[in-house]
Amino acid sequence: MSPQPTPADPASEARRRRAGLAAFLTGAAASLAFFAFFPGLPHVIDWGAITVSLAVGGVARWAWLALLAKQGTRNRSRAGK
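Residues numbered from 1 in each chain as written. Predicted model: local features only at pLDDT ≥ 70, side-chain atom pairs only at ≥ 80, totals over all residues. Heavy atoms only, no water.

Novice: Tell me about the overall build of the protein, and name the residues and values.
Specialist: Of the regular secondary structure elements, the protein holds 2 helices and 0 strands. Looking at the 81 residues of the protein, the share that counts as buried comes to 12%. Long-range pairs, those at least 24 residues apart, make up 54% of the contacts in the protein with a sequence separation of at least 6. (Helix = DSSP H or I, 4+ residues; strand = E, 2+ residues; numbered from the N terminus. Buried < 20%, exposed > 50% of the residue type's maximum accessible area, 1.4 Å probe, protein only. Contact = heavy atoms within 4.5 Å.)

Novice: Residues and numbers for the pattern of salt bridges, please.
Specialist: Opposite charge on two side chains permits them to pair, given that their charged atoms come into close proximity. If you walk through the whole model with that rule in mind, you get 1 salt bridge. Of the charged contacts in the structure, one is a salt bridge between Glu13 and Arg16, with a shortest N-O distance of 4.0 Å. Of the two residues, Glu13 and Arg16 are both situated in helix H1 (residues 10–37); the distance of 3 residues between them amounts to about one turn of the helix. Overall, the relative accessible area of 32% leaves Glu13 in the partly exposed class. (Salt bridge = Lys/Arg side-chain N within 4 Å of Asp/Glu carboxyl O.)

Novice: Residue-level account of the packing of aromatic side chains, with values.
Specialist: Each pair of aromatic rings is reported with the distance of its centres and the angle of its planes. For the structure on display, the rule yields 1 aromatic pair. Pairing Phe34 with Phe35 gives two aromatic rings, centres 5.6 Å apart and planes at 70°, and the pair type is edge-to-face. (Phe/Tyr/Trp six-rings, centres within 6.5 Å; stacked < 30°, edge-to-face > 60°.)

Novice: Lay out the environment of Arg61 in plain terms, naming residues and giving numbers.
Specialist: If you trace the backbone, Arg61 turns up in helix H2 (residues 47–80). Along the primary structure Arg61 and Ala23 are separated by 38 residues, whereas in three dimensions their C-alpha atoms are 4.9 Å apart.

Novice: Go over the environment of Gly57 with me, naming the residues and quoting the values.
Specialist: Following the sequence through the fold, Gly57 ends up in helix H2. Residues Gly57 and Gly27, spaced 30 residues apart in sequence, show a C-alpha to C-alpha distance of 4.3 Å. Sequence-distant contacts of Gly57, that is, excluding residues within four places in its chain, are made with Ala23, Phe24, Gly27 and Ala28.

Novice: Before we move on, can you summarise the side chain of Ser31 with the specific residues and values?
Specialist: Residue position: Ser31 is located in helix H1. You can call Ser31 buried: its relative accessible area is 10%. Side-chain polar atoms of Ser31 contact the backbone oxygen of Ala28, separated by 3.0 Å. With residues near it in sequence (within four places) discarded, Ser31 still touches Ser53 and Val56. (Polar contact = N/O pair within 3.5 Å; in protein donor to acceptor, adjacent residues only side chain to side chain.)

Encoded structure:
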């Protein structure tokens, strides 16, 4: 079994991890706030709302990390020119 590759820049990996955590927490908090305060919905946070909020947080994290990876690729290609 081969060892996992180590990141080239540990500081960059730490920033990426913090950004992913912040995106997850922001997405989950925003969706919980939607379920708690949107008019017309029962103002009760149940297990369904919690599950949806976790899923929204996961999608937000995935989207943010994909955006960061895309920007990083673009920046590396510019630096090579």
